[in-house]
Structures are given as structure tokens and as C-alpha cells.
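The lines below spell out each chain.
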Amino acid sequence: MTAPASTGRVAPPRVLTVAGSDSGGGAGIQADLKTMLALGAHGMSVLTAVTAQNSLGVQGAWELPVDAVRTQYRSVVDDIGVQAVKTGMLSSPVLVEAVAELLAGTDAPVVVDPVSVSKHGDPLLAEDALDAVRTKLLPVATVATPNLDEVAQLTGLAVTDDDGMRRAAARLLSFGPRWVVVKGGHLPGAAVDLLTDGTEEHWLRAPRHDNRHTHGTGCTLASAVAVGLAQGMPVPESVRLAKEYVTGAIAAGFALGSGIGPVDHGWRLPADRSMATGRQDQEHVVRATRPPAHNQGPMGVPGLPST
């Protein structure tokens, strides 16, 4: 077979999500892929589970066979390759262990979002899978990004303040990840996260937006961190820019259905996103001025220097 002719254009950074599907489009692999595209990466996916999910909650979940997950992973990594991997919903011990084994053999940074419950409180991780997350998955993580509910499940610690976030981070680091982001968004006041590797501390603070439509925030943050790592940024910068991106997405979150709507992954795009709007007048402008993905700055923002 003759290889296709090269266009001469360098591919954007390649980021793989290993996670479940959200049929409502607000979280899971749907949120991951939207985030990756918005920030200048080529997103790829390994589906671990299918959920029936909408703005009101999760009505059903079906885990894929381990062989199907392994085959998807090998298919992508062995041919296309990856520059960062993000994990999300891994609902059983056998699936956690299988994915951890795959990650251990992959030369790329890993962002672990230890998803255990949905935004609506629906369980997405079996109780007997927690030990596998602690002993198999977290040790291969470059960055782990638990929220306070997940912190409590993994460590047994109930966090109520900054000192509690420090204690929780120390406990999580003892499981083996290089860095931990303890997300304090469930605490009152400003939205404060703690990033630490046990030596450095980075407190990331953002205003709390009065918007209930926050479905997908955890998936979005972890995917944004993975994009930064794929672009070659150090962990602190990747997390800082990811926090800025997700804060904007929360501010722009919109109502969808009759429950909790999603964050807006395209909040940096023009307000009028219609395909028909100005397509003729703008066609030559886009071709002339839009930087190719490999020339975009950090997190896909044109005009910023690459790191």
C-alpha cells in the first residue's frame, strides 16, 4: 500500500483519554475531547464504560470488557502514539489494574482523575476498586486531581479548610503520584485548589461564579492539565493554565435540560458560532491568520510564547 502524501503540516500534540461516555455530552470523554480541541490538542479516546446520563443524573452504566479497553489502547498508542494520557471513569478493580498496567508501559505523563461519583451523586466507582486506585493507579500518575469527595474516599479524611487540604495531599502523595491537585471547589468561599509534590506548594485561587451549571468540571480540568503536559509545560504551569480555562468555562456554563447544565468548553470561541455566519467573508481571513496547531502558544492560545 502506498503511504499517503505528506501535507508538510506538523500534527498537534496528541492526548489520549481513557474514560467513560456521558450521553448528555457534559462530562466523560465528550468533555475531554472538547477540552483537548479547544486547547490545541488532537484528542483520542479509549472508552471504558457507557452511561445513560443527562442533566438530572445517571440512569444506567455499563462497563466495557477489559479486552476491549486493552485493544483500544494498544490500537492508538502503538500506531499514533501519545504525548499525555488522562484517565477518568474506571469502575471496577480489574479495569483499574488493567489500565494501570498499560500506563506503566507508556512513556508519557499521566493525569489521573479518580472519578468515583457523578455531579449528581451517582456512584461511578465500585467500593472494592478503591484499593486498586490507591495501589495500582495512583503510583503511575504524574498528576492526580481528586475533588474533596474523592479525597475522603481515598484517604478517609474529611477536608474543611486549608490545613485539611495539606493533610489530604500528603496522604495522597504517600500512594505514589508525583503531584496532587486537591480541588477545594466544594468548600465555601473562593474556589481554592492546592497543587503540591510534597516540596513545592501552589495555591490556586479563583473567584466563585454564581452559576449552578458546572457539569464536567473535573473532567475538563484534568484534560486541560494533560494538554499542557503534552505541550511540554511543567506541571505547575499546566495546572495554573488549566485552572484559568476551567474557571472561564464555569462562568460560561449554560442551562441544558431540567437539571445541572454543562460548563462551556468553547467559551473562548466567538459568541456567534453558527456555521453560516460570515463563512464567505471570513474564509480567506481564517486561512491567512489562523496559526497552525503546532505554532499555537500554551493551551492553544495564539500569540503566547511556547514553553
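Residues numbered from 1 in each chain as written. Predicted model: local features only at pLDDT ≥ 70, side-chain atom pairs only at ≥ 80, totals over all residues. Heavy atoms only, no water.

K.L.:
Honestly, the overall build of the protein chain in this entry has me stumped. Any pointers?
P.N.:
Counting its regular elements, the protein chain contains nine helices and nine strands. Counting across all 307 residues of the protein chain, residues that qualify as buried make up 51%. Partitioning the intrachain contacts of the protein chain with sequence separation of at least 6 by distance along the chain shows that 67% fall at a separation of at least 24. For the protein chain, the computed accessible surface area is about 14300 Å², with 55% contributed by carbon and sulfur atoms. (Helix = DSSP H or I, 4+ residues; strand = E, 2+ residues; numbered from the N terminus. Buried < 20%, exposed > 50% of the residue type's maximum accessible area, 1.4 Å probe, protein only. Contact = heavy atoms within 4.5 Å. Areas by Shrake-Rupley, 256 points an atom, 1.4 Å probe, with all protein chains shown as cover.)

K.L.:
Before we go on, may I ask you to explain the side chain of D264 in this structure?
P.N.:
Mapping D264 onto the fold places it in the loop between α8 (235–251) and α9 (279–289). At a separation of 3.0 Å, a polar atom in the side chain of D264 contacts the main-chain amide nitrogen of G266. The residues touching D264, leaving out its near neighbours within four places in the chain, are A249, A252, G253, F254 and R273. (Polar contact = N/O pair within 3.5 Å; in protein donor to acceptor, adjacent residues only side chain to side chain.)

K.L.:
Would you take a moment to explain helix α7 (residues 217–230) for this structure?
P.N.:
Since the α-helix advances by 3.6 residues per turn, residues separated by three or four positions end up pointing in the same direction. Its 14 residues give α7 an end-to-end C-alpha distance of 20 Å, which sits within 8% of 20 Å, the value for a rise of 1.5 Å per residue. Burial within α7 is extensive, with 14 of its 14 residues counted as buried. Of the residues flanking the end of α7, it is G232, one or two places downstream, whose phi is positive at about 90°. (Expected span 1.5 Å × (residues − 1).)

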